[in-house]
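# Architecture and fold: a report
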Amino acid sequence: MKENAIEIKDVTKIYRLYEQPIDRLKESLNIGKKQYHRDFYALSRISFSVEKGQTVGIIGTNGSGKSTILKIITGVLTPTSGEVMVNGKISALLELGAGFNMDYTGIENIYMNGTMMGFSRREMEDKLQDILDFADIGDFVYQPVKTYSSGMFVRLAFALAINVEPEILIVDEALSVGDVFFQSKCYRRMEEIRKNGTTIVMVTHDMGSIIKYCDKVILLNRGEFIAEGSAGKMVDMYKKILAGQMEALREEITRMNDFSGPPAKWPRQARLSDKDACAHDIKRGRHSALRVFVLYRASVQRYAAHARHAIRTKNRKRKAQCLPLPVFPVHGPLSAPHRPAAGTSGPT
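Described below are features of the structure shown in this document. Keep in mind the model is a prediction, meaning the values are calculated, not measured. All chains use their own residue numbering, which begins from 1 and follows the written sequence. In keeping with the model being predicted, local features are shown solely for residues with a pLDDT of at least 70 and side-chain atom pairs are shown and tallied solely at 80 or more, while totals for entire chains, interfaces and linings include all residues. In computing side-chain values, all of the structure's heavy atoms are included and hydrogens and water are not.

### What about the nonpolar core?
For our purposes a nonpolar core is just a set of buried Ala, Val, Leu, Ile, Met, Phe, Trp, Tyr and Cys residues, chained together by side-chain atoms within 4.5 Å. Relative accessibility decides the category of a residue: with a 1.4 Å probe and only protein chains considered, values under 20% of the type maximum give buried, values over 50% give exposed, and everything between is partly exposed. Residues Ile59, Tyr148, Phe158, Leu169, Met190, Ile210 and Leu219 are the most contacted members of the largest nonpolar core, which totals 52 residues. Secondary structure elements are taken from DSSP: a helix is a run of H or I of four residues or more, a strand is a run of E of two residues or more, and numbering for both begins at the N terminus. By residue number, the principal contributor to this core is helix 5 (residues 150–162), which donates 10 residues. Note on contacts: a residue pair qualifies if any of its non-hydrogen atoms lie within 4.5 Å across the two residues. The residues contacting tyrosine 148, other than those within four sequence positions of it, are Gly106, Ile137, Phe140, Val141, Tyr142, Gln143, Phe153 and Leu156. The next biggest cluster of nonpolar side chains, apart from the first, holds 21 residues, and it includes Leu70, Ile73, Leu94 and Ile218.

### Digging into the side chain of threonine 61
Mapped onto the elements, threonine 61 comes out in the loop between strand 3 (55–59) and helix 2 (66–74). The class of threonine 61 is buried, set by a relative accessible area of 19%. Every residue in contact with threonine 61, bar those within four places of it in the chain, is listed here: Lys66, Leu220, Asn221, Tyr238, Ile241 and Leu242.

### Description of unusual backbone geometry
In this structure, aspartate 10 is a non-glycine residue whose phi angle is positive, near 50 degrees. Within the secondary structure, aspartate 10 sits in strand 1 (residues 4–18). Positive phi, normally seen in glycine, also occurs at aspartate 136, with a value near 55 degrees. Tracing the chain through its elements places aspartate 136 in the loop between helix 4 (121–135) and helix 5.

### What to know about helix 6 (residues 180–195)
One full turn of an α-helix is made of 3.6 residues, so residues set three or four places apart face in the same direction. Given the number of residues in a helix, its expected span is that number minus one, multiplied by 1.5 Å. Over its 16 residues, helix 6 runs 23 Å from end to end, which matches the ideal 22 Å to within 8%, given 1.5 Å per residue. Along helix 6, the residues that are buried comprise Phe182, Cys186, Tyr187, Met190 and Ile193. Looking down the long axis of helix 6, one finds its buried residues gathered within 135 degrees of arc, a one-sided arrangement. In helix 6, those exposed residues whose orientation departs by more than 90 degrees from the buried face are Val180, Phe181, Arg188 and Lys195. Here the arc refers to the set of directions running from the helix axis out to each C-beta atom.

### Remarks on the side chain of serine 91
By secondary structure assignment, the location of serine 91 is in strand 5 (residues 90–93). Assessed through its relative accessible area of 1%, serine 91 is described here as buried. Setting aside anything within four residues of it in sequence, one finds serine 91 in contact with Met117, Ala161, Val164, Pro166, Ile168, Leu169 and Ile170.

### Observations concerning helix 5
Between its first and last C-alpha, helix 5 extends 18 Å over 13 residues, near the 18 Å set by a 1.5 Å rise per residue. Of all the positions in helix 5, only Met152, Phe153, Val154, Arg155, Leu156, Ala157, Phe158, Ala159, Leu160, Ala161 and Ile162 are classed as buried.

### Structural notes on the packing of aromatic side chains
Only centres within 6.5 Å qualify two rings of Phe, Tyr or Trp (six-membered ring in Trp) as a pair; their planes then separate them into stacked at under 30 degrees, edge-to-face at over 60, and tilted for everything else. Applying the stated criterion across every chain yields a total of 3 aromatic pairs. Ring geometry for tyrosine 187 and tyrosine 213: centres 4.6 Å apart, planes at 10 degrees, overall stacked. Of this pair, tyrosine 187 sits in helix 6 while tyrosine 213 sits in helix 7 (residues 207–213), and the two are 26 residues apart along the sequence. Assessed through its relative accessible area of 19%, tyrosine 213 is described here as buried. Should the NZ of a Lys or the CZ of an Arg lie within 6 Å of a ring centre and within 35 degrees of the ring normal, that charge is described as sitting over the ring. When the ring centre of phenylalanine 134 is taken as origin, the NZ or CZ atom of lysine 185, which lies over that ring, is 4.7 Å away.

Laid out in structure tokens, this is it:
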């Protein structure tokens, strides 16, 4: 079993919201401990783990707590309750401007951030040329950072974060600022360090990147943990949330993860091999709840198809039996043709 690089246990983050600034003072001076605030749960009992060497994506709608959980992991924020365990040196690119002094030049910010990460000046001098080559902003590196465009800023910030050989790299939607060529360059570099064993945690709204690069995806919604699993399945669940199908999604997840009730009733005409295989694999722990649900649904669909075919066949036979026999008009007896009498002519 691989060792965990990050482990989150029942993390909750609560912000106090006040109607007016004076309410803070009233609450602090109130003897009766009257509350003038209301609690806002940015995160509510979030738990998950990230193994060493994994690339994990965190997705969700705006306001789901994605950036908050990354800031808690990096130590920028402290959780209201819960435990956060990090095993490794972190390099984070949280948001545009985080960790940079706007009045310093690019070079000065590189040395300052290296010092905060625990590197000596000599170590940063050895890494400086690689950082400048990756950022590729020319002589602007000697100008104050406040004169940079957003693209130049993210180039320098990402070059610094990825070239200090981190054990854990955290990226929060920063690459969306750069152009297509720089994004491709960043993802290639991320793929290189991932092969070297670096753990990567990324937050992005680019579902294509999530599916392409992530080994596991965590889905959050309004500060709550929804599910975790393969990228494709989590992206499908995320699309359901965007479509307003949250209640149906919760019921589906509850059904998949509930093994406390009576066993499911299988259709009589369903394949017994599928049912027996599911039961056998559940005992051995080979199938997840989602896999069992998919196999069960496939059996039900096959049974329904057979039932529809039988009904259609029966209806066709019934219609064929109920059709009336054709009726032809009859003129006179059918035993012999009409012959005129002797000496008379036929009908005129």
